[in-house]
Amino acid sequence: MYINYSDIPGFQNLFLDYIYEYENVANFFPKNFRNTEEFPAHFAKLENRDSQLRNDVAGIVEKQHSGEKLSRQTELNIRLLKEKNTIAIITGQQVGIFGGPLYTFYKTITTIKLAQQLQEKFVDYNFVPIFWLETEDHDFEEIAKISALRNDGKLLEINYDDGYPLEDNRGSIGKLKFNSSISETVEKFLETLPKTDYKNDVASIIKNCYKEGAYIKDSFKSLLRYFFDENGLIIFDPHDVEVKKLLKPIFKNEITNFRTHTAKAVEVSAELEETYHAQVKVKPINLFMNDETGRYLIEPVENEYRLRTKRKRISHESIMHLLETSPEKFSPNVLLRPICQDYLFATGAYVGGPSEISYFAQVNPLYQYFDVEPPFLFPRASVTLLGKNIKNTLQKLDVDLTDIFIEDKLLKHKIVENKSEFNVALLFDNAETDIQLIFDRIKEQIFGIDKTLIDAAANSEKRVLQTIGNLKSKAEKADERKHDTVIKQIDKVRNILYPNNTLQERVVNFSYFTNKYGIDIIKWLFNQIIINKFEHQIIEI
């Protein structure tokens, strides 16, 4: 079963038009992902990239994977990076604890399957799937929390606490290690999983990946490697001194020409705001710099620079010298990161979610200033997993799956009305209509007696209707209490299918389903997910 994105709340018009009405947004997106006839021309351009850069990147990737036990397919893909006809299919994500929400897996699966499909269609090229770890990011609060579904269907947010205030600037996530409290976090998380035949397997995977002394990024990488190594997935870490050396031309260009870049980004953002929305707030300079206290955005001050929240100024000469001698201190922001990615790799396509595709509308015009070819943007698969017990509950309650996406209060009223002996809302609506008719007749009659009584009659009508409204509210709540079991059932269903009024894939972790159905469900899902439908897929388990 598939649901059109436009029938689900929360999807922005920019993304919807990109998916369904490309001609409306062609000015913002130079490449149409549906038009496969345009792919060969893009691939041919990528073949002409600098061979030394290609070899340098391949060498870094090989080094990052050294010492790891890899599948033959992954080893082959790493070797293929040196070939001029090798095209990268890339996705990326923050290194959220325990893998983050399910969409991390869906992005990965989409990337691997897209590489496989392109390999079948364009046999003169090699297509390798790459996962770009967002290790430069410094949003610790975002990656340190995970939502868990308890056995009673209620959501519980679990946080890894490293002992420092959340608001502290810790610098890039890539340099952080787990301390001893990760063991407590793991145990607390595993406690939310009910006892099943598969719980020990799930616990073993999580405990092997997430332990004291491990880098946060390596734990995330290990989890991805466990599930997707056999598919040849290359996992790339940009938080690497050698990577930063290669990115020096991009960083220097941004510092030297930031006014031109910002002017273009502001111009495009203004155009977007006229019809759609600008996903990212434009900054003067798209670079961060790390010092001993954290990671800070670089800001221009007259003809000099400073780090945000810092007073000390840095001259142009000094910052250019730092870029040359210590490039590892610098990292791109959200608008420059894709350009860094596609400078390093021959990127045929980037697999992204709705928000990522939206911000590419602001990124695309900047590629020209760096002489980098923008990739095709391929929407990731979007999936809701529907267990048999949840499906049966929906049928029992006479609720369509699409009803889950309506407002919680409206859904409950609809269900209670279907189960009630009489329609409470209709009863009181009719009563209000009758009262209004009665007062209309009273006002009509007394108008001929004394015109001053009209206001008194109107006030009396208002008080009576208010009393009826209060009684209606009490009657609806009483009816809901009468159907308390039904209300609890729909609460549990919504927490699984549409938790916190958002899609399951954005909240629920993979462990909920692997604990229930076994580790191999990820392989099964890999085969079930259809990446070319471009609608929200409902997969029955």
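Note that residues are indexed from 1 along each chain, following the sequence as it is written. Per-residue local features of the predicted model are confined to residues with pLDDT of at least 70, and side-chain atom pairs are confined, for both listing and counting, to 80 or more; whole-chain, interface and lining totals are unaffected and use all residues. Derived side-chain values reflect all non-hydrogen atoms in the structure, with water molecules and hydrogen atoms excluded from consideration.

**Student:** What exactly am I supposed to notice about the sheet that holds strand E15 (residues 536–540) here?
**Tutor:** Two strands form a pair only when DSSP identifies at least two bridges running between them. Under the DSSP-based scheme used, a helix requires at least four consecutive residues in state H or I and a strand at least two consecutive residues in state E, with every element numbered from the N terminus. Taking strand neighbours across the sheet as the criterion, the three strands line up as E1-E15-E14 in an open arrangement whose pairing is mixed. Edge positions in the open sheet fall to strand E1 (2–3) and strand E14 (383–386), since each of these has one partner strand only. Here four bridges tie E14 to E15, and the two strands are oriented parallel to one another. Its bridge partner being in E15, Val 383 is matched across the sheet by Gln 537. Lying on the sheet, helix H23 (residues 521–528) is in contact with E14 and E15; it crosses E15 at an angle near 130°. Contacts between residues were defined by any pair of non-hydrogen atoms, one from each residue, lying within 4.5 Å. All axes here are fitted lines through C-alpha atoms, helices being fitted over the stretch that makes contact, and every angle between N-to-C directions spans 0 to 180 degrees.

**Student:** Mind showing me how you'd approach helix H13 (residues 258–275) here?
**Tutor:** At 3.6 residues per turn, the α-helix brings residues three or four places apart onto the same side. Between the first and last C-alpha of H13 there are 26 Å, a value that for 18 residues agrees with the 26 Å anticipated at 1.5 Å per step. Type-normalised accessible area, obtained with a 1.4 Å probe on protein chains alone, sets the label of each residue: buried when under 20%, exposed when over 50%, and partly exposed for intermediate values. All of the buried residues in H13 are Phe 258, His 261, Thr 262, Ala 265, Val 268, Ser 269 and Leu 272. Looking straight down H13, one finds that the buried residues subtend no more than 135° of arc, so they occupy a single side. Residues of H13 that are exposed and point more than 90 degrees away from the buried face comprise Arg 259 and Glu 274. In this fold, the buried residues of H13 make contact with helix H1 (13–20), helix H12 (248–256), strand E8 (294–301), strand E9 (304–307) and helix H16 (354–363). Multiplying 1.5 Å by the residue count of a helix minus one yields the expected span of that helix. This arc is taken over the directions from the axis of the helix to the C-beta atoms.

**Student:** Even after reading the chapter, I still don't get the pairing of strand E12 (residues 347–352), so can you show me in this structure?
**Tutor:** Consecutive side chains of a regular strand alternate in pointing toward one face of the sheet and then the other. Among the six residues that make up E12, six are buried, leaving the element largely enclosed by the rest of the structure. With three bridges connecting them, strand E2 (residues 86–93) and E12 associate as parallel partners. Bridged to Ile 89 within E12 is Ala 349. Judged from the four bridges that link them, E12 and strand E13 (residues 376–379) form a sheet pairing that is parallel. When the bridges of E13 are listed, Tyr 350 appears paired with Leu 377. Between E12 and its parallel partner E13, the chain crosses via H16, and the hand of that crossover is right-handed. When the strands point away from the viewer, a crossover counts as right-handed if the path from the first strand over the helix to the second runs clockwise.

**Student:** Can you walk me through the sheet that holds E8 in this structure?
**Tutor:** Remark on secondary structure: sheet strands pair via backbone hydrogen bonds, oriented parallel or antiparallel. Reading across from one edge, E10-E9-E8-E7-E11 is the order of the five strands in this open sheet, with antiparallel pairing throughout. The open sheet terminates on both sides in strands that have one partner only, identified here as strand E10 (313–314) and strand E11 (330–332).

Structural measurements only, silent on function.
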